[in-house]
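What the coordinates show
Listed below are the residues making up each chain.
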Amino acid sequence: MTEQNNFLECPVSNYYGDVPKGEIQAREIHKQPTPRVEKIRQLYFNTQSSASVEFPYWYTRRWEELEGEIPIVRRAEALKAAFEHSTPAIYPGEILVMGKAPFLRGSYPMPWLSEAFFMAQEGELYQAALDAGKVSADQVTTMGQGGGNVTESVGNVISIAGKFGLRKEEMPMLLDIAKKWYNKSVDDVGHKYEQMVPGYHEKEEIMRAVICMFDSGYTLPQGREVMNYYYPLQYGIEGIKNICDEKMKQTAGYPDMDRIYFYKAVYIILEGIQTWVKNYAEEARFMASLEQDASSKEEYLDIAERLDWLVAHTPRNFHDALQLVWIFHVAVLNEDAISGLSPGRLGQILYPYWKRDMDQGLLTNEKTLELLESMRMKFTEIDCFASMGVVGGVLSGNTFNNLCVGGLTKDGNSAANDLEMLIMESAMTCDTPQPTLSLLYDEKLPEDFLMKGVECTKIGTGYPAWVNNQVAMEFLLNNFKKEGMGLEEARAWSIGGCLETSAGSWMPLVVDGVTHYIPGGSAPATSVGVHFLSLPKILEAVLFDGLDKKTGRRVYPSHGLALNSYEEVWEAFKKYFDSTVEVLTLTNNIQHDVWGRISPSIINSMLKPDCLDTGRDISRKGSRYNRTFNVEICGGVNLVNSLASIKKNVFEDKSFTLDVLKEAIVANFGYAPAAETGAYSLSEQVKDSHYNDWLKIHKQCLDAPKYGNDDIYVDSLFREWQEYFSATCENYISLYGEPLYSCQISVSTHGPMGAVTLATADGRLDGTTFADGSVSAYPGSDKSGPYALFSSATCYNHSLSQNSQLNMKIHPSAIAGREGARKFLEMIKSYLRKGGFHIQFNVVDSRMLKDAQAHPDKYRGLMVRVAGFTQYWVELGKQIQDEVIARTEYSEI
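This is a predicted model, so every value here is computed, not measured.

This next bit is on the overall build of the protein chain. Each helix and strand counted, the protein chain has 35 helices and 26 strands in total. Relative to the compact-globule value of 29 Å for 893 residues, the protein chain shows a C-alpha radius of gyration of 26 Å, a close match. Judged by the C-alpha coordinates and their principal axes, the protein chain covers about 75 × 65 × 60 Å. Looking at the protein chain residue by residue over its 893 residues, the buried ones come to 68%. When contacts within the protein chain are restricted to residue pairs at least 6 apart in sequence, those whose partners lie at least 24 apart make up 78%. Element-wise, carbon and sulfur atoms account for 51% of the exposed surface of the protein chain, whose accessible area totals about 28500 Å². Side-chain charges of the protein chain comprise 86 positive and 115 negative groups, with the mean position of each set lying 1 Å from the other.

What follows deals with unusual backbone geometry. Here Gln434 and Pro435 are connected by a cis peptide whose omega angle stands at -15°. Structurally, Pro435 can be placed in the loop between helix H18 (418-429) and strand E10 (436-441). With an omega of 0°, the peptide bond between Tyr463 and Pro464 qualifies as cis. Notably, Lys621 is not glycine yet its phi reads approximately 60°, a positive angle. Tracing the backbone shows Lys621 in the loop between helix H25 (611-614) and strand E19 (629-634).

Another point: the pairing of E10. By the criterion of burial, E10 is predominantly enclosed, with 6 of the 6 residues buried. Side chains of E10 alternate between two faces, with Thr436, Ser438 and Leu440 and Leu437, Leu439 and Tyr441 buried alike. Both strand E9 (residues 402-406) and E10 contribute to a ladder of 5 bridges, which runs parallel. In the strand pairing of E10, Val405 is matched with Leu439. Handedness of the crossover joining E9 and E10 through H18 is recorded here as right-handed. Bridge analysis of E10 against strand E11 (residues 465-468) gives 4 bridges, and the strand direction is parallel. The residue of E11 that forms the bridge with Leu439 is Trp466. Once you follow E10 into helix H19 (residues 447-457) and on to E11, the crossover reads as right-handed.

Counting 270 residues, the largest nonpolar core has Leu350, Phe577 and Trp721 as the members making the most contacts within it. The dominant element in this core, judged by the number of residues it contributes, is helix H11 (residues 258-290), at 16 residues. Residues contacting Phe577, with those up to four places away along its chain left out, are Leu533, Leu535, Ile538, Val631, Ile633, Trp721, Tyr724, Phe725 and Thr728. Formed by 11 residues, the second largest nonpolar core is a distinct cluster that contains Ile158, Ala161, Leu175 and Phe385.

The element H19 is largely enclosed, with a buried count of 8 among its 11 residues. For H19, the set of buried residues is Phe449, Leu450, Met451, Lys452, Gly453, Val454, Cys456 and Thr457. As for H19, its buried residues are in contact with E9, H18, E10, E11, helix H33 (817-833) and strand E23 (838-843).

Here we come to H33. In an α-helix, one turn spans 3.6 residues; hence positions three or four apart end up facing the same way. For H33, with 17 residues, the first-to-last C-alpha span of 24 Å sits near the 24 Å given by 1.5 Å per residue. Listed as buried for H33 are Gly820, Ala821, Phe824, Leu825, Met827, Ile828, Lys829, Tyr831 and Leu832.

Turning to empty space enclosed by the protein, a few remarks are in order. Under the defined criterion, the tally for this structure stands at 16 cavities of 30 Å³ or more. Put simply, the second largest cavity is a space of about 150 Å³. Forming the boundary of the second largest cavity are 17 residues, of which Gly99, Lys100, Phe103, Leu104 and Glu381 lie nearest the centre. Taken together, the residues of the lining of the second largest cavity sort by class into 11 nonpolar, 2 polar and 4 charged.

Turning to the layout of surface pockets, a few remarks are in order. A volume near 350 Å³ is recorded for the second largest pocket. Around the second largest pocket sit 18 residues that line it, and Arg27, His30, Asp431, Gly861 and Leu862 are the ones nearest its centre. Here the lining of the second largest pocket is composed, by residue class, of 8 nonpolar, 4 polar and 6 charged.

Looking now at the confidence of the model for the protein chain. In the predicted model, the protein chain carries a mean pLDDT of 92, and 94% of its residues have values of at least 70. Overall, residues 1-9 carries pLDDT values under 50, and its contacts beyond four positions in sequence, including any with other chains, amount to 23 contacts. Note that residues 124-130 has pLDDT below 50 and, in this model, 15 contacts with residues that lie over four places away or in other chains.

With that settled, the discussion passes to the side chain of Lys100. Tracing the chain through its elements places Lys100 in the loop between helix H3 (71-84) and strand E4 (106-107). For Lys100, which is buried and forms no salt bridge, the nearest opposite charge comes from Asp383, at a distance of 8.0 Å. Side chain to side chain, Lys100 and Ser107 meet in a polar contact 3.3 Å long. Separated by 2.9 Å, the side chain of Lys100 and the backbone oxygen of Asp383 make a polar contact. Those residues in contact with Lys100 that sit more than four places away from it in its chain are Gly106, Ser107, Tyr108, Val330, Leu333, Asn334, Ile382, Asp383 and Cys384.

Cut-offs and rules
Residues numbered from 1 in each chain as written. Predicted model: local features only at pLDDT ≥ 70, side-chain atom pairs only at ≥ 80, totals over all residues. Heavy atoms only, no water. Helix = DSSP H or I, 4+ residues; strand = E, 2+ residues; numbered from the N terminus. Rg over C-alpha atoms; globule rule 2.2 N^0.38 Å. Buried < 20%, exposed > 50% of the residue type's maximum accessible area, 1.4 Å probe, protein only. Contact = heavy atoms within 4.5 Å. Areas by Shrake-Rupley, 256 points an atom, 1.4 Å probe, with all protein chains shown as cover. Lys, Arg positive; Asp, Glu negative; His and termini not counted. Charge placed at Lys NZ, Arg CZ, Asp CG, Glu CD. Pairing = 2+ DSSP bridges. Right-handed = clockwise from strand over helix to strand, strands pointing away. Core = buried A, V, L, I, M, F, W, Y, C linked by side-chain atoms within 4.5 Å. Expected span 1.5 Å × (residues − 1). 1 Å grid on protein atoms, 1.4 Å probe; cavity = no way out; pocket = protein on both sides within 12 Å on 5 of 7 lines; lining within 4 Å. Points joined across faces, edges and corners; volume = space filled by probe spheres on them. Nonpolar A, V, L, I, M, F, W, Y, C, P; charged D, E, K, R; others polar. pLDDT = per-residue confidence, 0-100. Salt bridge = Lys/Arg side-chain N within 4 Å of Asp/Glu carboxyl O. Polar contact = N/O pair within 3.5 Å; in protein donor to acceptor, adjacent residues only side chain to side chain.

This is the structure we're talking about:
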């Protein structure tokens, strides 16, 4: 017998300040795209995510023809064939063209990475994946049921990974291609060799329990990094080919022969890209031949002329430069499964072209805005094909293309410029999820630039995120000094992916005889290694002596401790955490080594300094900076709140014993689990018949000290955790021979990881979502206002880690008008001046989110900030929707 909980007894409020009354309050600022881009956006809204087998077919066909060829050359030839046979598609009104696939929202599987997870649960291959624990995260992930997600098979369309639609007649071809990669893919070969790691059985149990979200070696081997567009802009495609030609002559026959194979591979793939671009030019001419409208015909011919020029030459103007940047961005996306391929500080990279065109009267602010809005649509159209656990449970359908503004120049002055002001304006007029924006805050940035950032934040989409430039530079100098980074180079950094601090460098771009030092990425993927460890689930294993109580399976060996003191609980946790990091580091090293041998990056490597100089791809440490493996965690605040509850309630106040607490946890404090109710936050839960048996204990757990209230009791535990975490990561060595470092972002993992975790000692219930981010308070537990939250969040040194993440939800009335905007900016500054690394906001009335959940058709364009990224509300799974709704809403700041 169950009843709906009215929470009269539950001391959890999701508001700070007055509870909003009356009508739902809309966001204060709302702008519209230019007419051209609005038509494209509406087309996007009416388009479903679609999968194509064209690229993998031609890749696999050419790969098979070249048995015995040097592996990197063989891969280059396969990619070249795929690029050359990709069907070009230009949509009406586009002035920036080219995409991953023929569909507006298109992507494709890459069976050379992994062929098992999209086998539609067919046959022995998929069963092997199940047995290995590889798809556990898929089974506990909820996908958004609206928007462009194809969540169910309908008619002639088959749903894959809960997101992509594939025509039924193409499925036999997909399965045939996939079977050709059986025992040859990065996944399969890596799996064969990772079993040699001592403790491998424990690794599989960790994956099955979703203590770790996914293996990084074959799922998303690239991304969470910053692009470098210098070489195409400075030399053009033909110029880079000439560099490779000269390098081949210099290295042929000399020691370290891998260099000549690398240069040959780059040359081959650039030929493929040139044909790919020419095919689009030809398509534009064909579209022009069909067009009756003179203006539209001229636009198609202009596209053709621009692409023809860029095949062999450097950009002549801003439009050329933007198109060339986009060509190479998509080219990198097409060589691997990638999320978080960030354009970096694009406004500073393209500024020389823009400023020249503006000075010569060749460009206006209005035309610039139209081009920037068009760029936003192209980025938003990007889809990443991966398993449901990755696409939904990690990415929430997002691809994390982070465009940064602000920061400092090479010589330490403000890097803000007028083009970046227009970039922020375009994010307001064309408010799409991509590219997300981050403002690299520094005290040297001008006030009008910061106020523009505030204006953009107030539209409610969550960007720009505000990131501390000095904290990031300190992290980089601490971690990359050994590889030669100094203060000047540290200033070239940017955000890779949703929030990963990524090393950069200054490159000398010459425009009209003037040298401009532009920033760009100089490191490979900055978020590979151990991907998302569920800290509350590890603590659960401690309490139950190594068992996954959900499944009854043993994950860890018995720790053998009686847990008679808080210190024993903490020591047991560290023991399990360390063993988890150790085995996953070793297995991920093998996976990434196999990736570098079977599916090495060629295009991205060619772009990254100093791969063209050294003749080595990024998997062979060709980049300037290579300490890029990390350990990512989820649920840190729930861990610390739970430890505080155990310490106070069990060992200090002796309110109940640890055994009684364990019984309460298994009983879910007298509530039905979220898996039964479909409610994933504390806001809406259902009592069971034993509710009264556990009411007192649940209240004591909820009343225990909570992070986010400037309470030294729990904040000291939080600081201890942070310092231990960052220090212990240094004990593990990456494939590149460098120590790992700590990374603290949740993305969307706090949903599916919470789904497999029992109730926790802080009062959170079974299956409900963890706190988001890394320094965000658990929803409803931050009762003392924003400045108390800031004090808790900065109780440790944020430069110890690659990042930290603080999300806040603010009611629009709290920051309304010019006065509200200034108050808002001062609040942001106060946090960053205290040493906080990152802060971002949802500016929204929570009642609007509840209405959108009930009536999604009314809110197709509504966007919210999740954890480092923005996404359309209707494309988020219910786990994340519930969590965002439940976040504390501040009506006062």
